[in-house]
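Here's the letter readout for the chains.
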Amino acid sequence: MKRHRMRGAFDVFLISWALAGCGDPTGPADDFVLTAQVNGRAWQAGGPGGPPHAFFYEGDSTISVGGGRLGSGYSDGIAVSIRRVTGPGTYPLGDPATSSAGLSSRLQGTLGDGTSTWTWYWTSAVRRGTVVLTAFEPSTNTLQGTFTFEAETALGAWVTVTGGSFSGHYQTSNGKGS
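Asker: Describe the overall build of the chain, with residues and values.
Answerer: The secondary structure content of the chain amounts to 1 helix and 12 strands. Going from the N terminus to the C terminus, the chain shows its helices and strands as α-β-β-β-β-β-β-β-β-β-β-β-β. Counting over 178 residues, the chain shows a buried share of 43%. Intrachain contacts of the chain at a sequence separation of at least 6 include 58% that bridge at least 24 residues. Accessible surface for the chain amounts to roughly 8700 Å². Of this, 54% is attributable to carbon and sulfur atoms.

Asker: Outline the layout of surface pockets, listing residues and values.
Answerer: Within this model, the largest pocket holds a volume of roughly 240 Å³. If you trace the largest pocket, you find it lined by Val38, Asn39, Arg41, Ala42, Trp43, Arg69, Asp76, Leu103, Ser105, Tyr121 and Val159. Going through the elements one at a time, strand 2 (41-44) and strand 7 (99-108) are the ones with two or more residues in the lining of the largest pocket. If one sorts the elements of the lining of the largest pocket by residue count, strand 2 sits on top with 3 residues. Its residues assigned to classes, the lining of the largest pocket shows 6 nonpolar, 2 polar and 3 charged.

Asker: Outline the nonpolar core, supporting the account with residue identities and numerical values.
Answerer: Counting 30 residues, the largest nonpolar core has Ile78, Leu143 and Phe147 as its most contacted members. It is strand 10 (residues 142-152) that contributes the most residues to this core, 4 residues altogether.

Asker: Now, about the pairing of strand 3 (residues 53-57): what can you tell me, with residues and values included?
Answerer: Where burial is concerned, most of strand 3 is hidden: 5 out of the 5 residues are buried. Taking the residues that link successive antiparallel strands as the turn, the strand 3-strand 4 (residues 62-71) hairpin has 4 residues, and the phi of Ser61 there is positive, at about 50 degrees. Inspection of the sheet shows strand 3 paired to strand 12 (residues 171-173) by 3 bridges, in the parallel sense. Bridging across to strand 12, Tyr57 finds its partner in Ser173.

Asker: Which residues make up empty space enclosed by the protein, and what values do they have?
Answerer: For the coordinates displayed, the defined rule picks out 3 cavities of 30 Å³ or more. For the lining of the second largest cavity, the elements supplying multiple residues, two or more each, are strand 4 and strand 5 (74-82). When grouped by side-chain class, the residues that make up the lining of the second largest cavity number 6 nonpolar, 1 polar and no charged.

What counts, and where the lines are drawn
- Residues numbered from 1 in each chain as written.
- Predicted model: local features only at pLDDT ≥ 70, side-chain atom pairs only at ≥ 80, totals over all residues.
- Heavy atoms only, no water.
- Helix = DSSP H or I, 4+ residues; strand = E, 2+ residues; numbered from the N terminus.
- Buried < 20%, exposed > 50% of the residue type's maximum accessible area, 1.4 Å probe, protein only.
- Contact = heavy atoms within 4.5 Å.
- Areas by Shrake-Rupley, 256 points an atom, 1.4 Å probe, with all protein chains shown as cover.
- 1 Å grid on protein atoms, 1.4 Å probe; cavity = no way out; pocket = protein on both sides within 12 Å on 5 of 7 lines; lining within 4 Å.
- Points joined across faces, edges and corners; volume = space filled by probe spheres on them.
- Nonpolar A, V, L, I, M, F, W, Y, C, P; charged D, E, K, R; others polar.
- Core = buried A, V, L, I, M, F, W, Y, C linked by side-chain atoms within 4.5 Å.
- Pairing = 2+ DSSP bridges.

Quick look at the structure:
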């Protein structure tokens, strides 16, 4: 049951990511950067696929960072959430009660009729990772850190995300991230 709780937070984060900056004057700052290596290939969030951004949910001290990309015939995104954040430090990924990380991938028109195929990869008890939060400044709403994780599909396919980094301003909410 707890596993689905953080996945629910991930889903909410992906929805908020898709809607970020849609006419909200207090929306995410334009300075947030999210990069990584996915299976050894360079990956950077931004463009029309979803600007990178971050949220801090004060209700349960959750930080969520993420972003996406949109290309010809595909879109993908990375999101990382950690709960019970107390400040800079190392936070494990893979315990569904306290963290979640994932990668989504959508291929458009894969059946030749305009339909899309989605693939979701998640951290788990077997596929884990780490977030190193190097800066967290509530007075200026800024954060910075690095991450690495392995994630898998329900069918056992998996990806490796290494060299991940994020930095910039974040939005706050007095609600909960899960």
